[in-house]
Amino acid sequence: MDNILPSYLILGAILFCIGLYGALSKKNAIIVLLSIELMLNASNLNFVAFAKYGPAPALSGQIFSLFTITVAAAEAAVGVAILLALFRNRGTSDVVEMDHLKH
Amino acid sequence: MEATYAQLAWIVPLAPLIAFLVLLAIGRQVNRHSAAVGVAATLVSFIFAVLVFVERLGAGTAYAWQDWDWLTFGGTPIGFGYEVNNLNALMLVIVSGVSLLVNLYSAGYMKGDPRYHVFFGYVALFTFSMLGLVLSSNLLELYVFWELVGVCSFLLIGFWYHKPEAKAAAKKAFIVTRIGDAGLLIAILILFWQAPYHDLSFTNLANAVAEGMIAPGILTLTAILIFVGAVGKSGQFPLHVWLPDAMEGPTPISALIHAATMVAAGVYLVARTFFIFEESAAALTVVAVVGAFTALFAATVGVAQTDIKRVLAYSTVSQLGYMMMALGVGAQVAAVFHLTTHAFFKALLFLAAGSVIHAVGKQDVGELGGLGRKMKVTAWTFGIGALALAGLFPLSGFWSKDAILTAALHKHAGYFMVGLVAAFFTAFYMARLFFLVFAGKPRSAYGHEPHESPAVMTVPLVILAALAVVSGFIYTPFNSWLGDWLTGAPAAEHANWTVILLSNLAALLGIGLGWLMYGKRSLDAEAVAARMGWLHKLVKNKYYIDELYRAVIVKPVKALGDLLHLADRFVVDGVVKLVAGGALFIGRVGTRMQNGQLQGYGLVSLLGLVLLMALLAGRRFFHVG
């Protein structure tokens, strides 16, 4: 019972690292967006794990993760909309080509 | 009579300063009339100088105005003011008078020069500085003007800066006189440290010295250091090398700066601070020996020079040596008297030489000759100047040289003998110069028929010639007016017939020999030179002093300079390049990172985060801080 928290945390860390790797290395913007969702959910997992098995268990962690899921949904919607607009404009979803920041 | 005009003495240097500023501001616009500006300013100066001088004839105490505090060191103010006494009233007249004539002469001589207005601007600045130097009431103020005349000398020697010789000569004059200036500066610092209330004014210094408030050892040291300054400025051995080279400047400049006024500043300085020298027998001996040696040394060099202006330059060095010798034997009046007469006849000689150069465009005596018939005024005035310089009775040079020789004999027969031999050589080289230039036949083809210079140039010659004749009568064995007036005490000057006869004999011998060798040509100059062999070669090459300096001083200094240059180039520049290269490298890396790839930025942020966390963990792990 006491030892279960690290397992959750390791799973969350692995998920976060996979998301980070995807966000930094994938070329397709959709995959990048997905990777970001993965990172968000890794943190959600941490919230829930701490809320249940942490040193001071409380319901607020689970409520917080609910909020995060909602906000992430909204964010994903906006992100996909931006990607669509970009794709219409530039004809590609490759993030390497999106180097407007340089100019 | 109250000191009405002495209170206005500040106008004397002010007029040329205004002329300089005017020429600086609108010189280009008034180009052709800039001579008029220069002449007008020096005329105002001259008139006021004469008024001050005439007022001083009525004796009375010196007038000094030094109310303005120029600098304050701690609680010690350094004043800036002027002082009018008999000595500098005389100097004012000489400087402004010669300057006026030279300005007038230059109007003709420099005609057609593209930098006509610049020339007159520089001359005006010089006149201002020189008059300021003479009027200065304290040593530091004098030093400021002392450096200013040095700068003007530099600018005017290098006036034709397109000639490499002129550039080199200007630099040489500046650097060599700087050696002497360092001595003067140290002397001023010592006096500032020693003088009561740190007051550097001449009155205070004279009082302090008279009351024995400064230790004798310090006085000797100070006197010798002041003399070092005078050696540099007045072209005494061993710092005389710059003066002959300074002849690269325009001839009126040689007459004004390098014969009549600036080079006499050293003599003036010693005469002005003579109260210090009087307290130290050792310093006086140094002055006398250096002066006597320079007088003889330069006179012998003058014998074998072929450039008309260089002969006169060595003659100037030699005559300044005479003045120094006079100061060294304690004959302050004789020195100032010789300074006065020398200013007139040497300015005359230079201006006459300039007239020759203007007419013919050549200045090597080997290429001149037979000009006496073509240029009567120049020839006559040059002849009078030469006789005055040779010291023939009754011209001015005779009286002043006689006064010096009498004083020298009074002190020590050695000085007298040296002076006499130098007088012989002086007469000889002046005769040689005169006969080579004006007598006989031309020794080379002149580009065009030589003609007399315009009146604007010959009038100053005539005026100076008249002065060269009569200015001697103010101080003769029978009329000691100048001495009484300068020292304020009637001097018992006795006619010393031995000196009079011997000095005239020496002059006549020199002239006679010169005539035989170069006038009548019954003695072949070439054969005599050949007979002398190495001696002639030694003299012709100015005792190899320049070569010696080049080998002993210039080369090592240059080697050191090269070494330091290498150090500068590889060590200092290396460090600078390293720093610059480092910044450039970081900049390149930064540029590469700034590529617009959001994922790259993210990666870098991640790396930074990892680094930070590693640092934090490391700190915790190793228990640092």
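Residues numbered from 1 in each chain as written. Chains lettered and ligands numbered in written order. Predicted model: local features only at pLDDT ≥ 70, side-chain atom pairs only at ≥ 80, totals over all residues. Heavy atoms only, no water.

Caption draft 1: Up close: the overall build of chain B. When its secondary structure is counted, chain B shows 25 helices and two strands. Summarising its shape, the C-alpha atoms of chain B cover approximately 110 × 65 × 50 Å along the three principal directions. For chain B, the residues scored as buried account for 54% of the 625 residues in total. Considering only residue pairs separated by 6 or more positions, chain B has 79% of its internal contacts joining residues 24 or more positions apart. For chain B, the accessible area works out to roughly 26800 Å², and carbon and sulfur atoms hold 71% of it. Across chain B, the centroid of the 39 positively charged side chains sits 14 Å from that of the 31 negatively charged ones. (Helix = DSSP H or I, 4+ residues; strand = E, 2+ residues; numbered from the N terminus. Buried < 20%, exposed > 50% of the residue type's maximum accessible area, 1.4 Å probe, protein only. Contact = heavy atoms within 4.5 Å. Areas by Shrake-Rupley, 256 points an atom, 1.4 Å probe, with all protein chains shown as cover. Lys, Arg positive; Asp, Glu negative; His and termini not counted. Charge placed at Lys NZ, Arg CZ, Asp CG, Glu CD.)

Caption draft 2: Examining the nonpolar core more closely. Core analysis: the biggest nonpolar cluster contains 208 residues, and B:Phe277, B:Leu327, B:Leu371 and B:Met430 have the highest contact counts within it. Tallying contributions element by element places helix α15 (residues 332-360) of chain B first for this core, with 20 residues. Ranked by size, the runner-up nonpolar core spans five residues in total, among them A:Ala29, A:Val32, A:Leu83 and A:Val95. (Core = buried A, V, L, I, M, F, W, Y, C linked by side-chain atoms within 4.5 Å.)

Caption draft 3: Molecular detail of the packing of aromatic side chains. Residues and elements named next belong to chain B. For the structure on display, the rule yields 28 aromatic pairs over all chains. Seen in terms of ring centroids, phenylalanine 154 and phenylalanine 174 are 5.1 Å apart; in terms of plane orientation they differ by 50°. Their pairing is tilted. Of the two residues, phenylalanine 154 sits in helix α5 (residues 139-157) while phenylalanine 174 sits in helix α6 (residues 164-194), which places them 20 residues apart along the sequence. With a relative accessible area of 29%, phenylalanine 154 lands in the partly exposed category. Of the residues examined, phenylalanine 174 reaches a relative accessible area of 26% and is grouped as partly exposed. Considering the side-chain rings of phenylalanine 621 and phenylalanine 622, the 5.1 Å spacing of their centres and the 90° angle between planes classify their relative orientation as edge-to-face. In this arrangement the basic side chain of arginine 178 is found over the ring face of phenylalanine 174, its NZ or CZ atom lying 4.5 Å from the centre. Residue placement shows arginine 272 over the ring face of phenylalanine 202; its charged tip is 4.1 Å from the ring centre. (Phe/Tyr/Trp six-rings, centres within 6.5 Å; stacked < 30°, edge-to-face > 60°. Lys NZ or Arg CZ within 6 Å of the ring centre and 35° of its normal.)

Caption draft 4: Seen up close, the interface of chain A and chain B. Tallying the contact residues gives 13 residues for chain A and 10 residues for chain B. For the pair chain A and chain B, the interface holds zero salt bridges. There are three residue pairs in polar contact (both at pLDDT 80 or more) connecting chain A and chain B. Among the elements that take part in the side of chain A that touches chain B, helix α1 (residues 4-25) of chain A stands out by supplying five residues, more than any other. (Salt bridge = Lys/Arg side-chain N within 4 Å of Asp/Glu carboxyl O. Polar contact = N/O pair within 3.5 Å; in protein donor to acceptor, adjacent residues only side chain to side chain.)

Caption draft 5: Seen up close, unusual backbone geometry. Residues and elements named next belong to chain B. Look at the link from phenylalanine 237 to proline 238: it is a cis peptide, with omega at 5°. For proline 238, the location among the structural elements is in the loop between α8 (216-233) and α9 (242-245). A cis amide bond links phenylalanine 393 to the next residue, proline 394, at an omega of 0°. Residue position: proline 394 is located in the loop between α16 (376-390) and α17 (396-411). The phi torsion at lysine 542 lies on the positive side, around 55°, for a residue other than glycine. Its place among the elements puts lysine 542 in the loop between α23 (534-540) and α24 (545-593). One non-glycine residue, tyrosine 543, lies in the positive phi region at around 60°. Within the secondary structure, tyrosine 543 is located in the loop between α23 and α24.

Caption draft 6: A look at the packing of α5(B) against helix α11 (residues 265-272) of chain B. Residues and elements named next belong to chain B. Relative orientation of the contacting elements α5 and α11 amounts to 175°, with a least axis distance of 13 Å. Overall, the two elements α5 and α11 adopt an arrangement that is roughly antiparallel. Along its contact with α5, which presents Leu139, Leu142 and Trp146, the element α11 presents Ala265, Gly266, Tyr268 and Leu269. Per-class residue counts for the contact of α5 with α11 are six nonpolar, one polar and no charged. (Axes fitted to C-alpha atoms, helices over the stretch in contact; angles between N-to-C directions. Parallel < 35°, antiparallel > 145°, perpendicular 65-115°, else oblique. Nonpolar A, V, L, I, M, F, W, Y, C, P; charged D, E, K, R; others polar.)

Caption draft 7: Expanded view of the environment of B:Leu51. Residue and element names in this part refer to chain B. By the element assignment, leucine 51 lies in helix α2 (residues 34-57). A relative accessible area of 29% means that leucine 51 is categorised as partly exposed. Between the alpha carbons of leucine 51 and threonine 426 there is a distance of 36 Å; along the sequence they are 375 residues apart.

Caption draft 8: Region of the structure containing the pattern of salt bridges. All names here are of chain B. By the definition in use, this model includes eight salt bridges over all chains. Across the salt bridge formed by glutamate 248 and lysine 163, the nearest N and O atoms sit 3.4 Å from each other. With glutamate 248 in the loop between α9 and α10 (251-260) and lysine 163 in the loop between α5 and α6, this residue pair connects regions lying 85 residues apart in the sequence. For glutamate 248, a relative accessible area of 19% translates into the label buried. Put simply, Lys163, Lys172, Asp245, Glu248, Arg310 and Asp546 are held in one network by salt bridges that share partners.

Caption draft 9: Region of the structure containing empty space enclosed by the protein. For the structure shown, the criterion picks out three cavities of 30 Å³ or more. Considering only enclosed or pocket space, the largest cavity measures out at about 50 Å³ in volume. Taken together, the residues that form the lining of the largest cavity break down as four nonpolar, one polar and four charged. (1 Å grid on protein atoms, 1.4 Å probe; cavity = no way out; pocket = protein on both sides within 12 Å on 5 of 7 lines; lining within 4 Å. Points joined across faces, edges and corners; volume = space filled by probe spheres on them.)

Caption draft 10: View of the side chain of A:Asn44. Along the chain, A:Asn44 falls in helix α2 (residues 29-53). A:Asn44 gets classed as buried once you look at its relative accessible area, which sits at 7%.

Caption draft 11: Local environment of α1(A). End to end, α1(A) covers 32 Å across 22 residues, agreeing with the expected 32 Å (1.5 Å per residue, within 8%). Among the residues of α1(A), those classed as buried are A:Leu5, A:Gly12, A:Gly19, A:Leu20, A:Gly22 and A:Ala23. One side of α1(A) holds all its buried residues, which, seen down the axis, span an arc of 165°. Residues of α1(A) that are exposed and point over 90 degrees away from its buried face: A:Ile10 and A:Tyr21. In this fold, the buried residues of α1(A) make contact with α2 of chain A together with α25 (598-622) of chain B. (Expected span 1.5 Å × (residues − 1). Arc of directions from axis to C-beta.)

Caption draft 12: Quick peek at helix α14 (residues 308-328) of chain B. Residue and element names in this part refer to chain B. With 21 residues, α14 should reach 30 Å at 1.5 Å per residue; the first-to-last C-alpha distance of 30 Å fits that figure. Of the residues flanking the start of α14, the one acting as N-cap is aspartate 307, its side-chain oxygen 2.8 Å from the backbone nitrogen of lysine 309. Following α14 by one or two positions, glycine 330 has its phi on the positive side, about 90°.

Caption draft 13: Geometry of a nonpolar patch on the surface. Residues and elements named next belong to chain B. A surface patch of nonpolar side chains, about 550 Å² in accessible area, is lined by Tyr5, Leu8, Trp10, Leu14, Ile18, Val22 and Ile26. Position of tryptophan 10 among the secondary structure elements: in the segment before α1 (11-26). Judged by relative accessible area, which is 40%, tryptophan 10 ranks as partly exposed. (Patch = residues over 30% accessible without salt bridge, like charges linked within 9 Å, V, L, I, M, F, W, Y side chains within 5 Å.)

Caption draft 14: Representation of the packing of α8(B) against α11(B) in the model. All names here are of chain B. Contact pair α8 / α11: the axes reach a minimum separation of 7 Å and the direction vectors enclose 160°. Overall, the two elements α8 and α11 adopt an arrangement that is roughly antiparallel. Crossing of α8 against α11: the hand is left-handed. Between α8 and α11, the contacting residues are Ile226, Phe227, Ala230 and Lys233 on the first element and Ala265, Gly266, Leu269 and Val270 on the second. Classifying every residue of the contact of α8 with α11 gives six nonpolar, one polar and one charged. (Left-handed = near helix turned anticlockwise from the far one by under 90°.)

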